[in-house]
Amino acid sequence: MTPDALGLALGTAFAAGLNVYATVATLGLLHRLHVVSLPPSLDPLGHPIVLGIAIALYAVEFLADKIPYIDNVWDVLHTFIRPPAAALLAYAAVAGVPDTWRVGAALLAGGVALTSHTTKAATRAAVNTSPEPVSNSVVSILEDGVAIGLVWLAASHPVLTLGVVLVLFLAAIWVLWKLFGLLRRVYAGPPRGRLPESPPHPG
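**Student:** Before we move on, can you summarise the packing of aromatic side chains with the specific residues and values?
**Tutor:** Aromatic rings in a pair are described by how distant their centres are and how their planes are angled relative to each other. Summed over the entire model, instances satisfying the criterion amount to one aromatic pair. Its guanidinium or amino end placed over the ring of phenylalanine 62, lysine 66 lies 3.5 Å from that ring's centre, counting from NZ or CZ. If you follow arginine 102 out to its NZ or CZ, it ends over the ring of tyrosine 91, 3.8 Å from the centre.

Shown next as structure tokens:
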């Protein structure tokens, strides 16, 4: 497995964990417009039918992702879509190597996608505790921008993408650690006061 193939696989995996439809649509458009040259095994992404479905689903996600709490439900449902789709993309991206390496790349990509997906979902749950609605849309747009930019980077500079994904992966782990602590405090409510101590018995 070459570093180029691994960089493409892991870069698109992290992006797919944020927005799988934007990832597929961006890859397909870049390939179809000859901006980048993808491996032949990824040629179907540039087919008009695949592009049409990906763009239509991205439009649905773009709207659902801007509505507080609807985005949380959407993220829960996509726990079963984003990581498997990332694994499938990785399996196709590293075609031409033994199946053992392809399966290993798919598992690694699925884990990376699950990490970025979980970070996205936890971030949204935290953002939705804010009473104002603007931050939700801002975070959603930033996530889409990161996903699309990372796909372009993975397709055009895959070796560089390996370093970027490592940094993003470590950052995601740190964010998850902080967010889970915050969410635990928010949903647990105010701490209960301590019971008064009993006075000591005489004698």
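From this point, the discussion proceeds with the structure in view.
**Student:** Could you give an account of a nonpolar patch on the surface, with specific residues and numbers?
**Tutor:** A cluster of nonpolar residues, Leu29, Leu33, Val35, Ile55 and Trp152, forms a patch on the protein surface that exposes about 470 Å² of accessible area. Tracing the chain through its elements places isoleucine 55 in helix H3 (residues 48-64). Under the relative-accessibility criterion, isoleucine 55 is labelled partly exposed at 41%.

**Student:** Quick one: what's the story with the side chain of threonine 23, residue by residue and with numbers?
**Tutor:** Looking at the element boundaries, threonine 23 is found in helix H2 (residues 20-32). One polar contact links the side chain of threonine 23 to the main-chain carbonyl oxygen of asparagine 19, over a distance of 2.9 Å.

**Student:** Can you lay out H3 for me, pointing to particular residues and giving the numbers?
**Tutor:** The terminal C-alpha atoms of H3, which comprises 17 residues, lie 24 Å apart, in line with the 24 Å expected from a rise of 1.5 Å per residue. Three or more residues of H3 are buried, namely Leu51, Ala54, Glu61 and Ala64. Seen end-on, H3 carries its buried residues on one side only, within an arc spanning 150°. Residues of H3 that are exposed and angled more than 90 degrees away from the buried face: Ile49 and Leu63.

**Student:** Go over the packing of helix H1 (residues 3-18) against H2, please, and point to the residues and values.
**Tutor:** Where H1 meets H2, the closest approach of the two axes is 6 Å, and the angle between their N-to-C directions is 135°. With respect to H2, the element H1 is oriented oblique. Packed against H1, whose contacting residues are Leu8, Thr12, Ala15, Ala16 and Leu18, the element H2 presents Val20, Thr23 and Leu27 at the interface. Tallied by class, the residues present in the contact of H1 with H2 amount to six nonpolar, two polar and no charged.

**Student:** With reference to specific residues and values, describe the nonpolar core.
**Tutor:** Of all hydrophobic cores here, the largest spans 40 residues; its most connected members are Leu8, Leu27, Leu38, Leu42 and Ala155. Broken down by secondary-structure element, the contributors of at least two residues to this core are H1, H2, H3, helix H5 (82-93), helix H6 (99-127) and helix H7 (134-156). Counting residues per element, this core draws most heavily on H1, which supplies nine residues. Sequence-distant contacts of leucine 8, defined by excluding residues within four places in its chain, comprise Leu27, Leu38, Pro39, Leu42, Ala93, Ala154, Ala155 and Pro158.

**Student:** Quick rundown of unusual backbone geometry? Include the residues and the values.
**Tutor:** With phi around 60°, histidine 34 is a residue other than glycine that occupies positive phi space. With respect to the helices and strands, histidine 34 occurs in the loop between H2 and H3. Judged by its relative accessible area of 70%, histidine 34 is exposed. Phi angles above zero are rare outside glycine, and tyrosine 69 is one such case at about 75°. By secondary structure assignment, the location of tyrosine 69 is in the loop between H3 and helix H4 (70-77).

**Student:** I'd love a proper account of the pattern of salt bridges, names of residues and values included.
**Tutor:** Tallied over the full model, the rule gives seven salt bridges. Among the salt bridges present, the one from arginine 82 reaches glutamate 61, with a minimum N-O distance of 3.1 Å. Of the two residues, arginine 82 is situated in helix H5 and glutamate 61 in helix H3; the sequence distance between them amounts to 21 residues. Exposure remark for arginine 82: the relative accessible area of 0% places this residue in the buried category. The buried category is assigned to glutamate 61, whose relative accessible area is 0%.

Procedures and definitions
Residues numbered from 1 in each chain as written. Predicted model: local features only at pLDDT ≥ 70, side-chain atom pairs only at ≥ 80, totals over all residues. Heavy atoms only, no water. Phe/Tyr/Trp six-rings, centres within 6.5 Å; stacked < 30°, edge-to-face > 60°. Lys NZ or Arg CZ within 6 Å of the ring centre and 35° of its normal. Patch = residues over 30% accessible without salt bridge, like charges linked within 9 Å, V, L, I, M, F, W, Y side chains within 5 Å. Areas by Shrake-Rupley, 256 points an atom, 1.4 Å probe, with all protein chains shown as cover. Salt bridge = Lys/Arg side-chain N within 4 Å of Asp/Glu carboxyl O. Helix = DSSP H or I, 4+ residues; strand = E, 2+ residues; numbered from the N terminus. Buried < 20%, exposed > 50% of the residue type's maximum accessible area, 1.4 Å probe, protein only. Polar contact = N/O pair within 3.5 Å; in protein donor to acceptor, adjacent residues only side chain to side chain. Expected span 1.5 Å × (residues − 1). Arc of directions from axis to C-beta. Axes fitted to C-alpha atoms, helices over the stretch in contact; angles between N-to-C directions. Parallel < 35°, antiparallel > 145°, perpendicular 65-115°, else oblique. Contact = heavy atoms within 4.5 Å. Nonpolar A, V, L, I, M, F, W, Y, C, P; charged D, E, K, R; others polar. Core = buried A, V, L, I, M, F, W, Y, C linked by side-chain atoms within 4.5 Å.

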